[in-house]
Amino acid sequence: NACIILINQTRQKIGLMYGDPTTTPGGKAPKYYAGQRIRLISSSIKRGSEKTRGKRQVESREIIAMLIKDKTGSNEGKEAVIHYDVLEHQVAQGEDLLAAGLRTKVIKQKGRNYLIGKKQFGSKADILELLNNPRKTRKLKSKILENALE
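The model shown is predicted, which means the values in this text are computed figures rather than measured ones.

**What to know about the pairing of strand β8 (residues 113–116)**
Here's step 1: In this sheet, β8 lies alongside strand β7 (residues 107–110) in antiparallel orientation, the contact comprising four bridges. The residue bridging Ile 107 from the neighbouring strand is Ile 116, located in β8.
Here's step 2: Taken together, β7 and the strand that follows it, β8, pair antiparallel across an intervening segment of two residues, in which Gly 111 is found at a positive phi of about 65°.
Here's step 3: Here β8 runs beside strand β9 (residues 119–121); their pairing, made up of three bridges, is antiparallel. Counted as the bridge partner of Leu 115 is Gln 120 from β9.
Here's step 4: As consecutive antiparallel partners, β8 and β9 are separated by two residues, and within that stretch Gly 117 has a phi angle of approximately 65°, a positive value.

Here it is in C-alpha coordinates:
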(Lines give C-alpha, C1' and ligand atoms only; values in the text may rest on other atoms or scores of the structure.)
Protein backbone atom coordinates (compact mmCIF):
# COMPACT_ATOMS: atom_id res chain seq x y z
CA ASN A 1 0.00 0.00 0.00
CA ALA A 2 1.22 3.48 -0.79
CA CYS A 3 0.01 7.01 -0.34
CA ILE A 4 1.22 9.88 -2.48
CA ILE A 5 0.42 13.44 -1.48
CA LEU A 6 0.68 16.08 -4.19
CA ILE A 7 0.60 19.71 -3.15
CA ASN A 8 -0.32 22.09 -5.91
CA GLN A 9 -1.17 25.76 -5.88
CA THR A 10 -4.11 27.19 -7.78
CA ARG A 11 -4.20 30.26 -9.97
CA GLN A 12 -7.02 32.28 -11.49
CA LYS A 13 -7.78 32.10 -15.21
CA ILE A 14 -8.09 35.53 -16.75
CA GLY A 15 -11.13 36.48 -18.83
CA LEU A 16 -13.25 33.46 -17.95
CA MET A 17 -16.96 34.30 -17.90
CA TYR A 18 -18.44 30.98 -16.71
CA GLY A 19 -17.30 27.92 -14.77
CA ASP A 20 -14.60 27.62 -12.13
CA PRO A 21 -11.90 30.26 -12.75
CA THR A 22 -9.19 28.34 -10.85
CA THR A 23 -6.52 26.33 -12.63
CA THR A 24 -3.45 24.40 -11.54
CA PRO A 25 -0.07 24.82 -13.22
CA GLY A 26 0.52 21.01 -13.12
CA GLY A 27 -2.03 20.28 -15.82
CA LYS A 28 -5.08 18.02 -15.63
CA ALA A 29 -3.42 14.68 -14.81
CA PRO A 30 -3.29 15.14 -10.99
CA LYS A 31 -6.99 16.07 -10.99
CA TYR A 32 -7.90 13.01 -13.05
CA TYR A 33 -5.80 10.38 -11.27
CA ALA A 34 -6.27 11.61 -7.70
CA GLY A 35 -8.33 9.44 -5.36
CA GLN A 36 -9.20 12.42 -3.19
CA ARG A 37 -8.79 16.14 -3.72
CA ILE A 38 -9.00 18.55 -0.81
CA ARG A 39 -8.95 22.31 -1.31
CA LEU A 40 -7.55 24.37 1.59
CA ILE A 41 -8.70 27.98 1.75
CA SER A 42 -7.51 30.58 4.23
CA SER A 43 -10.77 32.12 5.42
CA SER A 44 -9.91 34.74 8.01
CA ILE A 45 -7.02 35.94 10.11
CA LYS A 46 -7.47 36.62 13.81
CA ARG A 47 -5.09 39.19 15.20
CA GLY A 48 -4.03 39.52 18.82
CA SER A 49 -3.54 42.66 20.88
CA GLU A 50 0.30 42.61 20.81
CA LYS A 51 1.94 44.87 18.25
CA THR A 52 5.29 44.51 16.50
CA ARG A 53 6.49 47.16 14.05
CA GLY A 54 3.15 48.95 14.33
CA LYS A 55 1.07 45.93 13.25
CA ARG A 56 -0.91 43.52 15.41
CA GLN A 57 0.49 39.97 15.58
CA VAL A 58 -1.35 37.19 13.77
CA GLU A 59 -2.86 35.00 16.50
CA SER A 60 -4.46 32.32 14.33
CA ARG A 61 -5.80 31.66 10.85
CA GLU A 62 -9.10 30.00 10.10
CA ILE A 63 -8.63 27.36 7.40
CA ILE A 64 -11.47 25.77 5.45
CA ALA A 65 -10.86 22.26 4.05
CA MET A 66 -13.28 21.32 1.26
CA LEU A 67 -13.53 17.81 -0.17
CA ILE A 68 -13.62 18.39 -3.93
CA LYS A 69 -13.31 14.81 -5.20
CA ASP A 70 -13.54 11.44 -3.48
CA LYS A 71 -13.11 8.17 -5.38
CA THR A 72 -12.56 6.17 -2.19
CA GLY A 73 -15.95 6.74 -0.55
CA SER A 74 -19.34 8.18 -1.32
CA ASN A 75 -19.98 11.73 -0.22
CA GLU A 76 -23.45 11.55 -1.85
CA GLY A 77 -23.10 14.85 -3.67
CA LYS A 78 -22.50 16.78 -0.47
CA GLU A 79 -19.43 18.94 -0.03
CA ALA A 80 -17.59 18.15 3.17
CA VAL A 81 -16.39 21.44 4.68
CA ILE A 82 -14.28 21.59 7.83
CA HIS A 83 -13.32 24.80 9.62
CA TYR A 84 -10.31 24.83 11.92
CA ASP A 85 -7.93 27.34 13.44
CA VAL A 86 -4.16 27.14 13.02
CA LEU A 87 -2.21 28.63 15.93
CA GLU A 88 1.45 29.47 15.30
CA HIS A 89 2.51 25.99 14.09
CA GLN A 90 -0.26 23.71 15.35
CA VAL A 91 -3.96 23.11 14.82
CA ALA A 92 -6.11 24.61 17.59
CA GLN A 93 -7.89 21.97 19.64
CA GLY A 94 -9.87 24.27 21.93
CA GLU A 95 -13.24 24.02 20.18
CA ASP A 96 -13.01 20.20 19.99
CA LEU A 97 -11.97 19.90 23.64
CA LEU A 98 -14.80 22.21 24.70
CA ALA A 99 -17.39 20.17 22.77
CA ALA A 100 -16.03 16.86 24.12
CA GLY A 101 -15.85 18.26 27.66
CA LEU A 102 -19.46 19.44 27.52
CA ARG A 103 -20.60 16.05 26.12
CA THR A 104 -18.78 14.07 28.83
CA LYS A 105 -19.80 16.61 31.54
CA VAL A 106 -16.18 17.33 32.54
CA ILE A 107 -16.87 20.95 31.57
CA LYS A 108 -20.18 22.39 32.74
CA GLN A 109 -21.95 25.38 31.26
CA LYS A 110 -24.19 27.72 33.23
CA GLY A 111 -25.53 30.47 31.01
CA ARG A 112 -22.49 32.09 29.41
CA ASN A 113 -20.09 30.83 32.07
CA TYR A 114 -18.07 27.62 31.89
CA LEU A 115 -16.91 25.55 34.87
CA ILE A 116 -14.00 23.12 35.04
CA GLY A 117 -14.16 21.65 38.53
CA LYS A 118 -14.45 24.72 40.77
CA LYS A 119 -12.68 27.09 38.35
CA GLN A 120 -15.08 29.42 36.52
CA PHE A 121 -14.49 31.10 33.16
CA GLY A 122 -16.49 34.18 32.20
CA SER A 123 -16.73 33.71 28.46
CA LYS A 124 -16.07 31.26 25.65
CA ALA A 125 -12.96 33.22 24.63
CA ASP A 126 -11.48 32.80 28.14
CA ILE A 127 -11.94 29.04 28.21
CA LEU A 128 -10.70 28.64 24.61
CA GLU A 129 -7.52 30.50 25.54
CA LEU A 130 -6.88 27.84 28.19
CA LEU A 131 -7.93 24.90 26.00
CA ASN A 132 -5.70 25.93 23.08
CA ASN A 133 -2.62 25.66 25.33
CA PRO A 134 -1.45 22.01 25.13
CA ARG A 135 0.67 22.25 28.30
CA LYS A 136 -2.32 23.17 30.46
CA THR A 137 -4.79 20.64 29.08
CA ARG A 138 -3.09 17.28 29.68
CA LYS A 139 -5.10 16.47 32.84
CA LEU A 140 -8.32 17.71 31.25
CA LYS A 141 -7.81 15.50 28.16
CA SER A 142 -7.27 12.43 30.35
CA LYS A 143 -10.46 13.20 32.35
CA ILE A 144 -12.45 13.60 29.14
CA LEU A 145 -11.11 10.28 27.79
CA GLU A 146 -11.90 8.48 31.07
CA ASN A 147 -15.48 9.80 31.09
CA ALA A 148 -15.95 9.03 27.39
CA LEU A 149 -14.87 5.41 27.88
CA GLU A 150 -17.27 4.83 30.82
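**Notes on the nonpolar core**
Here's step 1: In terms of nonpolar packing, the biggest core is built from 14 residues, with Leu 98, Ile 107, Ile 116, Ile 127, Leu 131 and Leu 140 touching the most fellow members.
Here's step 2: At the level of secondary structure, the elements contributing two or more residues to this core comprise α2 (94–103), β8, α3 (124–131) and α4 (138–149).
Here's step 3: Tallying contributions element by element places α3 first for this core, with four residues.
Here's step 4: Once residues lying within four places of it in the same chain are set aside, the contact partners of Ile 127 are Leu 98, Ile 107, Tyr 114, Ile 116 and Phe 121.

Parameters and conventions
- Residues numbered from 1 in each chain as written.
- Predicted model: local features only at pLDDT ≥ 70, side-chain atom pairs only at ≥ 80, totals over all residues.
- Heavy atoms only, no water.
- Pairing = 2+ DSSP bridges.
- Helix = DSSP H or I, 4+ residues; strand = E, 2+ residues; numbered from the N terminus.
- Core = buried A, V, L, I, M, F, W, Y, C linked by side-chain atoms within 4.5 Å.
- Buried < 20%, exposed > 50% of the residue type's maximum accessible area, 1.4 Å probe, protein only.
- Contact = heavy atoms within 4.5 Å.

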